[in-house]
Structures are given as structure tokens and as C-alpha cells.
Amino acid sequence: AIGNIAVALRGLERYGEAISAIRESAAIYRETRDQEGEAGALRSLGETLYELGMYDEAATALRDSAAIFSPIGDRYKEGISLMGLGETLQQLGRNDEAITALQKSAAIFHETGDRSIEGFALTILGISLRQVGRFEEAITSYQNAAVIFRDTGDDGNERIALGNLEATQVTQQKHRGR
């Protein structure tokens, strides 16, 4: 019930109250040894903190969420938490850590056959790779994402992946010219 209240509070943009409710929910799940509930609450907390630009705290919550989902075997939710962690670490400029989280996330979605979400993870991964100058890897990441989106009929995200691909190729050419 507390989790539902937190969702409603987020929808009303009452973020402080939502954060308190989510933290309370996570504590209750922890006390009752409901690992899946705790991990889900921590992921929700991370997403809320991310929306508010509280990236350090968001990264901690998302990392903790993934660490709980992993041993209980919920690969999909672990992948979602890792993808959120990767995005959050990008915001903090911690691209090497972001790359690691996003590579794990993409691998999980590839393994589970969640192709569309694998495409999102690969697109976000490409951004981090481009930011650290690993252009060839970024290009491969965007190419793979574009193929996935094409195969799944997601024209909008295919165009985004291709646009990122083109921007990366242009940036790579500029760096070669230096």
C-alpha cells in the first residue's frame, strides 16, 4: 500500500513525500525479508531521486537494487536497475562505471530475449562510449541498437540510434583530423 501511495505522490509531483514513503516501504520489505519488494522499492527510489537530479543517492539506490535482484534471479529487473544505474552514472560523469553497468544490462536483455530493452541499453551505452572517445565501440553499439529497433518495428528509436551513429562518426572524424 505504501508503494502505491508513493506512486501517487510522484504523479502529483510531491517528491519529498514520495521519497519518504518509498524509503519506509523499502525498510518494511527489508524487515520482513521480502527481497523482491525491497529491491523494487530501491529501484523506485533511485528513479525518483534521478528525476530530482540527486544522482549520487540515485546511483546508490539503483546499485543496491541490482545487487538484490541478481542473487534472487530476477534478471529482467536486475537489467532495468543496471540500465538506470548506467544512465545515472553518466550524469555524474562516471562513464567507465556507466559503461560497465550498461554492458551488463545489455547482456542480460540479450540473454533474456528482451530485444527492445536491449536496444535501449545499447543506445545509452553508445553515449557513454562516445563520451570517453571509444568511438568504434560506440558505433557498434548504435548499429546493434538500430538493427534491434528495425527488427522490432520501432522506427522512432531506430532513427534515434542511427542519428547517434551518424553523430558519433562525425565526432570520430573530427578527432582523427586533430
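Predicted, not measured: the structure shown is a model, and the values here were computed from it.

## What to know about the packing of aromatic side chains
Inference 1: One pass over the structure, following the stated rule, counts 3 aromatic pairs.
Inference 2: Geometrically, the ring pair formed by Tyr76 and Phe109 is edge-to-face, given 5.8 Å between the ring centres and 70 degrees between the ring planes. Of this pair, Tyr76 sits in helix α5 (residues 75-91) while Phe109 sits in helix α6 (residues 95-112); the two residues are 33 residues apart in sequence, bridging distant segments of the chain.

## Some thoughts on the confidence of the model for the chain
Predicted coordinates in areas of low pLDDT are best not read in detail.
Inference 1: Confidence along the chain averages 92 in pLDDT terms, with 92% of residues attaining 70 or more.
Inference 2: When pLDDT is averaged over each helix and strand of the chain, the minimum, 60, is found for helix α1 (residues 2-11) and the maximum, 98, for helix α8 (residues 135-151).

## Here we look at the side chain of Glu158
Inference 1: Along the chain, Glu158 turns up in helix α9 (residues 155-176).
Inference 2: Not counting residues up to four positions away in its chain, the partners in contact with Glu158 are Ala146, Phe149 and Arg150.

## Describing helix α2 (residues 15-31)
Inference 1: Here α2 is 17 residues long and its end C-alpha atoms lie 24 Å apart, about the 24 Å a rise of 1.5 Å per residue gives.
Inference 2: Of all the positions in α2, only Tyr15, Ala18, Ile19, Ala21, Ile22, Ser25 and Ala26 are classed as buried. Buried residues in α2, looked at end-on, bunch into an arc of 165 degrees, giving them a common side.
Inference 3: Remark: Arg33 follows α2 within two positions and exhibits a positive phi of approximately 60 degrees.

## Concerning the pattern of salt bridges
Inference 1: Enumeration according to the criterion identifies 14 salt bridges in this entry.
Inference 2: For Glu111, the salt bridge identified is with Arg75, shortest N-O distance 3.0 Å. Here Glu111, found in helix α6, pairs with Arg75, found in helix α5; they are 36 residues apart in sequence, far enough to count as distant.
Inference 3: Owing to a relative accessible area of 52%, Glu111 belongs among the exposed residues under this scheme.
Inference 4: According to the relative accessible area criterion, Arg75 is partly exposed, its value standing at 28%.
Inference 5: A salt bridge links Arg94 to Glu97, with the shortest nitrogen-to-oxygen separation between them at 2.9 Å.
Inference 6: By relative accessible area, which is 28% here, Arg94 ends up partly exposed.
Inference 7: Exposure remark for Glu97: the relative accessible area of 37% places this residue in the partly exposed category.
Inference 8: One salt-bridge network, held together by shared partners, links Asp56, Arg63, Arg94 and Glu97.

## Comments concerning the side chain of Glu78
Inference 1: Residue placement: Glu78 occurs in helix α5.
Inference 2: Overall, Glu78 belongs to the buried group, its relative accessible area being 9%.
Inference 3: Side-chain polar atoms of Glu78 contact the side chain of Arg75, separated by 2.9 Å.
Inference 4: Not counting residues within four places of it along the chain, the set of residues in contact with Glu78 comprises Ala66, Phe69, Ser70 and Ile108.

What counts, and at which threshold
- Residues numbered from 1 in each chain as written.
- Predicted model: local features only at pLDDT ≥ 70, side-chain atom pairs only at ≥ 80, totals over all residues.
- Heavy atoms only, no water.
- Phe/Tyr/Trp six-rings, centres within 6.5 Å; stacked < 30°, edge-to-face > 60°.
- Helix = DSSP H or I, 4+ residues; strand = E, 2+ residues; numbered from the N terminus.
- pLDDT = per-residue confidence, 0-100.
- Contact = heavy atoms within 4.5 Å.
- Expected span 1.5 Å × (residues − 1).
- Buried < 20%, exposed > 50% of the residue type's maximum accessible area, 1.4 Å probe, protein only.
- Arc of directions from axis to C-beta.
- Salt bridge = Lys/Arg side-chain N within 4 Å of Asp/Glu carboxyl O.
- Polar contact = N/O pair within 3.5 Å; in protein donor to acceptor, adjacent residues only side chain to side chain.

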